[in-house]
Amino acid sequence: MHCVSMSIKLTLDKCVSNVYLPIGMKPKSAQLGRPRAFDPDVALERAMHVFWAKGYEGASLSDLTRTMRINRPSLYAAFGNKQQLFRKVLDRYMDGPVAYFSKALTKPKARDVVEEILLGTARMGDDPRIPAGCLMVQGALACGNASARKEVAARRAAAEVALRRRLQRAKREGDLPRNADAAELAHYVMTVVRGMAVQSAGGASSDQLRRVAQIALRAWPKR
């Protein structure tokens, strides 16, 4: 019996050694690495919704991985730690839901710029696919993480600076009165926008927010 089993083994070994693979094909055991089992863009979009709805502090890693449908090692490998993920989410937010802000700055007249910013903020309440309010506001509410707080503050300041510069240009072009203060006007507009975001998060309808925008526009300086 021992001789028979040895004979079978030798025959099988010979058969295996004679199995040929097509040119360029490697055995599975030799293939290196594995493709990602998730779409990073989809995962980032889902993470944005978590931070938006819960804020930075309220969004736990368990919340994020569950909603993104990935495990923690995959999250760290693709996006870094929680703070790095949050920065990527803010980039996506600026290029996506609030892209209207940068487009508004290209309007030919200062009033048109401000009107588009205010009405764009109100329109966000019409989209059922996104949470109410503003990620830049909610992301920083009750946030104990200094780095995340600083990141959000820097983004908000950058938006206000961009608007201020656009209004300064409008003043140079004669589109605003000589006594208009571009810095004060930019601060006024951004204060209204943030207030609208808080109202939206509290349940205000898009129609209510549009009325707020219209009232704010009545205070716009006339030439």
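Look up: the structure comes first, before these words.
Chemist: So what exactly am I meant to see when it comes to the overall build of the protein here?
Modeler: Counting secondary structure elements, the protein contains eleven helices and zero strands. Counted from the first residue to the last, the protein has its helices and strands arranged as α-α-α-α-α-α-α-α-α-α-α. Considering only contacts in the protein between residues 6 or more positions apart, those separated by 24 or more positions represent 69%. Counting every atom, the protein has about 13,700 Å² of accessible surface; 56% of that belongs to carbon and sulfur.

Chemist: Explanation requested: the side chain of E160 in the structure shown.
Modeler: Secondary-structure assignment places E160 in helix 9 (residues 146–172). Overall, the relative accessible area of 18% leaves E160 in the buried class. Sequence-distant contacts of E160, defined by excluding residues within four places in its chain, comprise A186, H187, M190 and R194.

Chemist: I tried to follow the nonpolar core on my own but got confused; where do I start?
Modeler: Grouped burial of nonpolar side chains is what soluble globular proteins tend to show. In terms of nonpolar packing, the biggest core is built from 61 residues, with L85, L118 and L163 touching the most fellow members. Ranked by the residues each element gives to this core, the list is headed by helix 10 (residues 182–201), at nine residues. Not counting the four nearest positions on each side in its chain, L118 is found in contact with V189, V192, V193, M196, A213, A216 and L217.

Chemist: Help me understand the pattern of salt bridges, please; the structure alone is not making it clear to me.
Modeler: Pairing of side chains with opposite charge becomes possible as their charged atoms draw close. Evaluated as defined, the whole model comprises 13 salt bridges. A salt bridge links E116 to R123; its shortest N-O distance comes to 2.5 Å. Between E151 and R155 there is a salt bridge whose closest N-O contact spans 3.0 Å. Here the residue E151 and the residue R155 both occupy positions in helix 9, the gap between them amounting to four residues, near one helical turn. By sharing partners, the salt bridges in this structure join D41, E45 and R92 into a single network.

Chemist: Explain the packing of helix 7 (residues 110–123) against helix 9 to me, please; I cannot follow it from the model alone.
Modeler: Any two packed helices are characterised by the angle at which their axes cross and by the distance between the axes. One can describe the packing of helix 7 onto helix 9 by two numbers: an axis separation of 9 Å at closest approach and a directional angle of 155°. Looking at the two axes, helix 7 sits roughly antiparallel to helix 9. Between helix 7 and helix 9, the contacting residues are A110, V113 and I117 on the first element and L163, R166, L167 and A170 on the second. Tallied by class, residues from the contact of helix 7 with helix 9 come to six nonpolar, no polar and one charged.

Chemist: Any chance you could explain unusual backbone geometry here in plain terms?
Modeler: Outside of glycine, negative phi angles account for most residues, and trans bonds account for most peptide bonds. One non-glycine residue, R69, adopts positive backbone phi at about 65°. Residue R69 is classed as exposed on the basis of its relative accessible area of 64%.

Chemist: For this particular structure, what's the right way to read the environment of R210?
Modeler: Positionally, R210 belongs in helix 11 (residues 206–218). Between the alpha carbons of R210 and A122 there is a distance of 5.5 Å; along the sequence they are 88 residues apart. The residues contacting R210, other than those within four sequence positions of it, are L119, A122, R123 and D126. Looking at R210, its side chain comes within polar contact range of the side chain of D126, at 3.2 Å. Here D207 takes part through its side chain, which lies 2.8 Å from a polar atom of the side chain of R210.

Definitions and cut-offs
- Residues numbered from 1 in each chain as written.
- Predicted model: local features only at pLDDT ≥ 70, side-chain atom pairs only at ≥ 80, totals over all residues.
- Heavy atoms only, no water.
- Helix = DSSP H or I, 4+ residues; strand = E, 2+ residues; numbered from the N terminus.
- Contact = heavy atoms within 4.5 Å.
- Areas by Shrake-Rupley, 256 points an atom, 1.4 Å probe, with all protein chains shown as cover.
- Buried < 20%, exposed > 50% of the residue type's maximum accessible area, 1.4 Å probe, protein only.
- Core = buried A, V, L, I, M, F, W, Y, C linked by side-chain atoms within 4.5 Å.
- Salt bridge = Lys/Arg side-chain N within 4 Å of Asp/Glu carboxyl O.
- Axes fitted to C-alpha atoms, helices over the stretch in contact; angles between N-to-C directions.
- Parallel < 35°, antiparallel > 145°, perpendicular 65-115°, else oblique.
- Nonpolar A, V, L, I, M, F, W, Y, C, P; charged D, E, K, R; others polar.
- Polar contact = N/O pair within 3.5 Å; in protein donor to acceptor, adjacent residues only side chain to side chain.

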